[in-house]
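Structural features, examined
Now for the letters of each chain:
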Amino acid sequence: MRPKLGQAIPLGGIGAGYIAFDADLTIERAAMFNDWSNPMRIIRGFHLVVLGDEPLFLQGNPGRNVEAPPDYLKAEIVDVDALWPRIVYRFKGPVEEVEIYTPIIAGDLKNSSLPLVYVKVRGNATVALSFPNLTGRRYGRANFSVRRSVSGVLMTNLRASQCDPAQGEIFIGCVGCNTYAGYSVYVPSGRGMTEDISVFRHLKDLTDPGAYYIEKYAREEIAGIVWKDVKGEDLFVITWFARGKPYNYPYGHYYENFFQDAVSIAEYALANKLEPRIPADAEGWLGDALRNSLYVLSATSWLTKDGRFALYETPFIAPLMNTIGSMTWDGAGFALLELFPDLVVRSDELFAKYRRGGEIPHDYGEESIEDPIYGATYLTPWKDLASTWILMIYRDYYYTSDISVLKRNIDAMKSAVDWLMALDNDGDCVPDSQGRNDNSYDGSNMFGRSSYVASLFLCALTAFIKSLETLGLPVDERYKKCLEKGKKSFEELWNGRYFVAWKRGDQVKDTCMSSQLLGQFWCDMLDLPPITDERKIRTALMSIYELGRRASRYCVPNSVTPDGKPDEETPQLRSCWTRVNFALAAHMILRGLEDEGLALAEREWRTISDINPWNINSRIDAVTGENVGLQYYISSPTVWLVYLAKRKKLGLWPRNRASA
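About the cut-offs
Here, residues in each chain are numbered from 1, in the same order as that chain's written sequence. This being a predicted model, a pLDDT of at least 70 is required before a residue's local features are given, and a value of 80 or more before pairs of side-chain atoms are given or counted; all residues contribute to the totals for chains, interfaces and linings. Hydrogens and water molecules were not included; the side-chain quantities draw on all heavy atoms of the structure. By the criteria applied, helices consist of DSSP H or I runs no shorter than four residues and strands consist of E runs no shorter than two, each listed in order from the N terminus. Taken over C-alpha atoms, the radius of gyration is set against a globule rule of 2.2 Å times the number of residues to the power 0.38. A simple rule labels every residue: compare its accessible area, found with a 1.4 Å probe on the protein chains alone, to the largest value its type can have, and call it buried under 20%, exposed over 50%, or partly exposed in between. Residue contacts are counted whenever heavy atoms from the two residues lie within 4.5 Å of one another. Areas reported as accessible are Shrake-Rupley estimates using a 1.4 Å probe. Residue values count occlusion only from the protein chains shown. When charges are counted, neither His nor the chain ends are considered; positive counts come from Lys and Arg and negative counts from Asp and Glu. The atoms used to mark charge sites are NZ of Lys, CZ of Arg, CG of Asp and CD of Glu. Each pair of aromatic rings taken from Phe, Tyr and Trp, with Trp reduced to its six-membered ring, is defined by centres within 6.5 Å and is described as stacked if the planes are under 30 degrees apart, edge-to-face if over 60, and tilted in the remaining cases. We treat two strands as partners when DSSP finds at least two bridges between them. Note on geometry: axes are lines fitted to C-alpha atoms, helical ones only across the stretch in contact, with angles between N-to-C directions running from 0 to 180 degrees. When a carboxyl oxygen of Asp or Glu lies within 4 Å of a side-chain nitrogen of Lys or Arg, that pair is called a salt bridge. Two cysteine sulfur atoms form a disulfide, by the criterion used here, when they sit within 2.5 Å.

Another point: the overall build of the chain. Looking only at helices and strands, one finds 16 helices and 31 strands in the chain. Against the compact-globule benchmark of 26 Å for 660 residues, the chain has a radius of gyration of 27 Å, which places it among compact chains. For the C-alpha atoms alone, the extent of the chain along its principal axes is close to 85 × 50 × 45 Å. Burial statistics for the chain: of 660 residues in total, 67% are counted as buried. Here the contacts in the chain between residues at least 6 apart in sequence split such that 68% fall between residues at least 24 apart. On the chain, roughly 22600 Å² of surface is accessible, and the fraction owed to carbon and sulfur atoms is 47%. Charged side chains of the chain number 74 positive and 83 negative; the gap between the two group centres comes to 1 Å.

As structure tokens, this is what we get:
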């Protein structure tokens with residue numbers, strides 16, 4: 001797909017950091033040194049230049065962060081095509097194409113977690129690549145020319161301490177590159193600071209100093225430059241290596257198990273010429289959605305040296321790691337099972353270690369994977385987290401056919417079920433909602449018997465009973481009785497068209513929530529018995545679809561009034577949660593409403609693409625169509641549910657069961 005200006009695609013290995021490239025081939029932001037929640041926004045000195053009598057810059061706006069930009073001679077970018085983890089720029093002139101990418105390879109965690117960006121240049125010209133030294137604080141930065149099996153410039157900081165998040169190094173180079181370590185990027189001019197681009201006019205005639213340092217108290221910014229005569233095609237690399245151990249990330253990086261520095265990563269990358277490989281055989285909008293929705297693996301992921309994996313719920317405002325509420329982390333889980341199943345199983349099981357009795361935490365912690373939070377609002381326990389976690393564990397068993405997943409977690413599953421049952425105060429076998437934002441709708445209130453909470457609990461209880469039976473363990477009759485009673489209680493929420501949002505005594509919130517059958521979706525996806533009448537499931541799905549399309553031209557709102565208007569009770573209810581809507585679309589596909597489900601999902605993705613496919617927020621306002629809520633949200637890969645539902649209908653998902 002062709003991105004708009006300002007829609008920057010982040011490229012970098014899983015848990016390794018990233019560089020985000022804009023549609024005009026400039027860097028919008030970068031987070032290479034443990035700074036995912038505070039990325040660098042002003043980056044000067046990155047250029048791709050065709051050398052000649054006058055340097056020809058391949059970027060559309062090479063001076064975007066320059067106070068007094070000089071006159072740049074710029075090539076014409078005629079096309080841009082972005083499909084994560086790759087972006088391709090096409091030009092008129094001696095350079096025909098620049099392709100920038102990261103090797104995300106399904107099933108190959110080592111090569112998918114490299115702090116690496118390839119820059120492939122096609123054409124016939126002398127091409128220079130420059131990149132700034134961003135290590136540590138300014139004074140202390142130093143550049144060194146390297147000539148080994150690869151040539152390039154190594155940029156580091158001689159003063160940064162280990163507690164400095166940006167302690168580490170950056171390397172740019174290629175096989176047989178010419179090098180220049182002494183590029184002073186940002187210098188005073190007659191009307192403010194400017195960028196020195198004169199170096200590119202006579203680069204071939206300069207003597208490489210081999211090493212260059214920022215002097216004490218200098219205001220200087222420095223960069224390295226490499227260049228080469230490209231004849232047809234050539235490959236450059238940008239690599240980095242974080243050595244800092246800041247307070248929020250003392251864990252080290254997975255790539256440290258295999259490499260010692262940025263140069264060795266570059267040598268490995270250029271020797272092996274790795275390419276992305278993501279199994280997602282879909283075309284059109286869905287193909288774009290599947291690949292581009294995985295951007296969080298570059299932009300918001302942690303992967304520690306000992307192999308622990310986590311995603312930010314959002315890197316800003318609420319930087320919580322591996323949230324499981326609603327369809328957030330779990331939405332990524334379905335996609336990641338297709339790519340790196342071991343990561344998913346280990347991550348899901350870690351919640352059991354952090355549980356408090358039967359209460360499952362909301363996340364691993366705030367910028368931590370060892371300090372869990374039990375619900376993002378403190379007033380009363382969240383009613384959907386434990387159900388979601390039980391279903392995640394059963395999902396992992398169902399996908400992998402590894403019964404040891406159930407064996408390791410059955411005691412924690414029982415504790416979670418017992419804890420949920422204890423939250424039922426009125427004997428209807430549904431955990432009671434108490435308002436106070438006590439579930440993933442943490443900006444809205446539900447009371448008494450909620451269709452969202454009830455459907456999740458009933459499917460989780462079904463999965464727990466099925467797990468006991470699979471393990472050959474006895475099933476206490478109280479679980480079976482609670483399941484049957486809970487189903488009858490759920491039926492009482494039926495109003496003839498859908499299951500109402502909630503009911504407490506004579507109080508009824510008679511709105512149509514998009515998540516009312518979320519538990520039934522899980523049951524359908526995991527081949528578990530239904531929690532309600534088949535006819536009502538289909539009728540409710542069509543009601544959500546029809547009312548939702550009437551309420552908004554952008555997406556299905558979280559809650560819709562009986563006459564098809566967005567529920568204005570709270571901003572959260574009048575908004576769309578893309579994670580729930582893609583689950584809704586997948587559910588419709590599983591229930592034979594494929595045309596409607598695909599139409600709903602396509603509309604959702606086109607709204608997302610128009611806003612920014614590499615910054616999917618937690619909410620879209622159903623009235624204005626604007627991004628609202630939390631940025632770079634964890635839930636973006638939930639569009640994979642649509643693809644997997646289609647495959648399941650064809651008998652192709654899960655893969656191991658399909659091939660059995």
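After that view of the structure, there is still more to cover.
It is worth spelling out the packing of aromatic side chains at this point. One pass over the structure, following the stated rule, counts 31 aromatic pairs. Seen in terms of ring centroids, Tyr183 and Phe200 are 5.6 Å apart; in terms of plane orientation they differ by 75°. Their pairing is edge-to-face. Taken as a pair, Tyr183 in strand β14 (residues 178–184) and Phe200 in the loop between β16 (192–195) and β17 (211–213) lie far apart in primary sequence, 17 residues in all. With respect to burial, Tyr183 and Phe200 carry one shared label: buried. Centroid distance Tyr251 to Trp302: 6.0 Å. Interplanar angle 50°. Geometry classified as tilted. One end of the pair, Tyr251, is in the loop between β18 (222–242) and α2 (262–272); the other, Trp302, is in strand β19 (residues 301–303), and 51 residues separate them in sequence. Pair check on accessibility: Tyr251 and Trp302 agree, each one buried.

Our focus in this paragraph is the sheet that holds strand β2 (residues 18–21). Taken together, three strands build an open sheet; the order of strands is β1-β2-β3 and the sheet is antiparallel. Each edge of the open sheet is held by one strand with a lone partner, namely β1 (9–11) and β3 (27–31). Each strand axis lies, on average, 20° off the axis of its neighbour in the sheet, ignoring direction.

This next bit is on the pattern of salt bridges. By the definition in use, this model includes 48 salt bridges. Close ionic contact of Arg41 with Glu28 constitutes a salt bridge, the shortest N to O distance being 3.3 Å. A residue pair is termed long-range when its members are at least 10 positions apart, and Arg41 in the loop between β3 and β4 (47–50) and Glu28 in strand β3 qualify at 13 residues. Under the relative-accessibility criterion, Arg41 is labelled partly exposed at 37%. Close ionic contact of Glu99 with Arg122 constitutes a salt bridge, the shortest N to O distance being 2.9 Å. Taken as a pair, Glu99 in strand β9 (residues 95–101) and Arg122 in strand β10 (residues 116–132) lie far apart in primary sequence, 23 residues in all. The class of Glu99 is buried, set by a relative accessible area of 6%.

Attention shifts here to the state of the cysteines. Within the structure shown, the criterion is met by three disulfides. Here Cys459 pairs with Cys523 through a disulfide, and the sulfurs are 2.4 Å apart. Across the disulfide from Cys459 to Cys523, rotation about the S-S bond amounts to roughly 140°, and the bridge is consequently right-handed. Taken as a pair, Cys459 in helix α9 (residues 451–470) and Cys523 in helix α11 (residues 518–525) lie far apart in primary sequence, 64 residues in all. Both residues of the pair, Cys459 and Cys523, belong to the buried class. At a sulfur-sulfur separation of 2.1 Å, the disulfide partner of Cys555 is Cys576. Of note, the bridge from Cys555 to Cys576 carries an S-S torsion of about 75° and is right-handed in sense. Of this pair, Cys555 sits in the loop between α12 (534–551) and β28 (559–560) while Cys576 sits in strand β29 (residues 575–576), placing them 21 residues apart in sequence. Taken as a pair, Cys555 and Cys576 share a single burial class, namely buried.

Strands sit in the order β29-β30-β31 across an open sheet of three strands; the sheet is antiparallel. Only two strands of the sheet have a single neighbouring strand rather than two, namely β29 and β31 (627–628). Where strand β30 (residues 619–621) lies against β31, two bridges are found, and the strand directions are antiparallel. Counted as the bridge partner of Ile620 is Asn627 from β31.

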